[in-house]
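Analysis of the macromolecular model
The primary structure of each chain is shown beneath.
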Amino acid sequence: MSLSLKRVLREALDDPNPNMECQRSAPREEDPIRNERAEVDFDSYGPEKEELNLADYLGGAAFDFPPPLRPLSARREDGGISRRRQQPTQSSGRQHASGQGPAIPKDSFFANSETAHGKLCRSLELRLKRSKAISACWQAGDLPAVASVLEASWDPPTVAHVLRLLSGPPAMKLSPAALSRLLPLAQRLAQVDCEEQAVLAMTFVLNALEVSWPPIVQALHAVSTPQATCQACEEAVRQMTALSSCIRTMSRSVRLSRNSNGPLVPTCRKLKLNLEKALSELGGSSRAS
């Protein structure tokens with residue numbers, strides 16, 4: 001090994017040696033680790049021999065190189081939490097690649113929309129005409145005409161609204177002719193699937209039995225009652241009898257008891273008892289018989 005290489009290595013180890021050409025002005029304290037590293041035989045290395053092994057010089061396996069640094073990840077402005085973007089699907093990739101936008105509905109979609117729009121407009125027009133006709137009859141006080149309009153264009157919500165208005169409070173006192181026309185509507189409404197509407201129909205009948213039924217019974221018992229009034233009362237009795245038969249069947253319905261969790265079943269049973277009591281009052285009437 002050349003003298004210049006030995007000089008460089010000894011200066012790096014800070015080993016004071018009188019044989020060196022460049023002496024240190026003030027010797028430093030000995031370092032045992034550096035002394036161990038200085039025991040390496042530098043004379044055994046040369047140009048014709050194997051090169052100096054840096055790992056042997058630094059202590060072999062005792063020296064661990066630091067792990068390589070990982071590249072810094074890009075930080076987001078919302079706190080540094082990086083989220084993986086959703087990968088586009090194959091179909092969307094093809095659409096973007098081909099330059100196509102969202103799918104345009106077919107012609108059948110627009111045709112069906114126009115058909116549904118026409119049906120909706122006709123339905124709203126019919127409801128408007130029906131509301132105007134009911135309003136005119138209501139303002140005139142012609143309840144049989146109101147019942148005729150409701151029966152001609154059957155609409156459960158509208159019928160339920162009218163019966164709610166007649167039920168009060170206070171309940172309106174109905175004539176025999178008006179009651180005989182409204183009872184079929186109440187019977188039909190009591191059998192709909194909507195429990196609220198069915199309860200409204202039964203409540204209307206209960207109020208009619210309390211307010212409008214006693215005058216009918218008195219008219220049938222009186223001898224001086226006009227013929228037209230008697231015929232209207234007898235028609236009301238027939239409609240009440242038909243309603244009583246329907247309510248009796250509903251009160252014994254197992255399906256109704258299982259499917260109803262509200263006031264429908266108690267109201268139905270109460271109406272059944274009141275109808276039986278009201279019809280029993282006509283037993284001594286010669287006109288009713």
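Our structure is the block above this text.
Below: a short report on this structure. Keep in mind it's a predicted model, so treat the numbers as computed, not measured.

A few points about the overall build of the protein
For the protein, the helix and strand inventory stands at 13 helices and zero strands. Counting helices and strands in the order they occur from the N terminus, the protein gives α-α-α-α-α-α-α-α-α-α-α-α-α. When each of the 289 residues of the protein is scored for burial, the buried share is 27%. Sequence separation of at least 24 residues holds for 66% of the intrachain contacts in the protein that already meet a minimum separation of 6. Taken as a whole, the protein presents about 20,700 Å² of accessible surface, with 53% of it coming from carbon and sulfur.

With respect to the nonpolar core
Ranked by size, the top nonpolar core spans 53 residues in total, and within it Val-205, Trp-213 and Met-240 carry the most contacts. For this core, the secondary structure elements donating two or more residues are helix H5 (107-140), helix H6 (143-152), helix H7 (156-167), helix H8 (176-189), helix H9 (195-211), helix H10 (213-221), helix H11 (227-251) and helix H13 (264-280). No other element matches H9, which puts 10 residues into this core.

Notes on the packing of H6 against H7
How two helices sit against one another is set out by the angle between their axes and by the gap between those axes. Remark: H6 packs on H7, axes separated minimally by 10 Å, with the N-to-C direction vectors making an angle of 160°. When the axes of H6 and H7 are compared, the pair comes out roughly antiparallel. The hand of the H6/H7 crossing is left-handed. Contacts between H6 and H7 pair Leu-143, Val-146 and Leu-150 from the former with Thr-158, Val-159, Val-162 and Leu-166 from the latter. Looking at the contact of H6 with H7 residue by residue, the class counts come to six nonpolar, one polar and no charged.

What about the pattern of salt bridges?
Following the criterion strictly, the structure yields five salt bridges and no others. Its salt-bridge partner being Arg-130, residue Asp-155 comes within 3.5 Å of it at the nearest N-O pair. With Asp-155 in the loop between H6 and H7 and Arg-130 in helix H5, this pair connects stretches of sequence that are 25 residues apart. Of the two residues examined, Asp-155 and Arg-130, each falls in the buried class.

Things to note about H6
Regarding H6, the residues found buried are Leu-143, Ala-145, Val-146, Ala-147, Val-149 and Leu-150. Tucked into the core, H6 has its buried residues touching H5, H7 and H8.

Rules and cut-offs
Residues numbered from 1 in each chain as written. Predicted model: local features only at pLDDT ≥ 70, side-chain atom pairs only at ≥ 80, totals over all residues. Heavy atoms only, no water. Helix = DSSP H or I, 4+ residues; strand = E, 2+ residues; numbered from the N terminus. Buried < 20%, exposed > 50% of the residue type's maximum accessible area, 1.4 Å probe, protein only. Contact = heavy atoms within 4.5 Å. Areas by Shrake-Rupley, 256 points an atom, 1.4 Å probe, with all protein chains shown as cover. Core = buried A, V, L, I, M, F, W, Y, C linked by side-chain atoms within 4.5 Å. Axes fitted to C-alpha atoms, helices over the stretch in contact; angles between N-to-C directions. Parallel < 35°, antiparallel > 145°, perpendicular 65-115°, else oblique. Left-handed = near helix turned anticlockwise from the far one by under 90°. Nonpolar A, V, L, I, M, F, W, Y, C, P; charged D, E, K, R; others polar. Salt bridge = Lys/Arg side-chain N within 4 Å of Asp/Glu carboxyl O.

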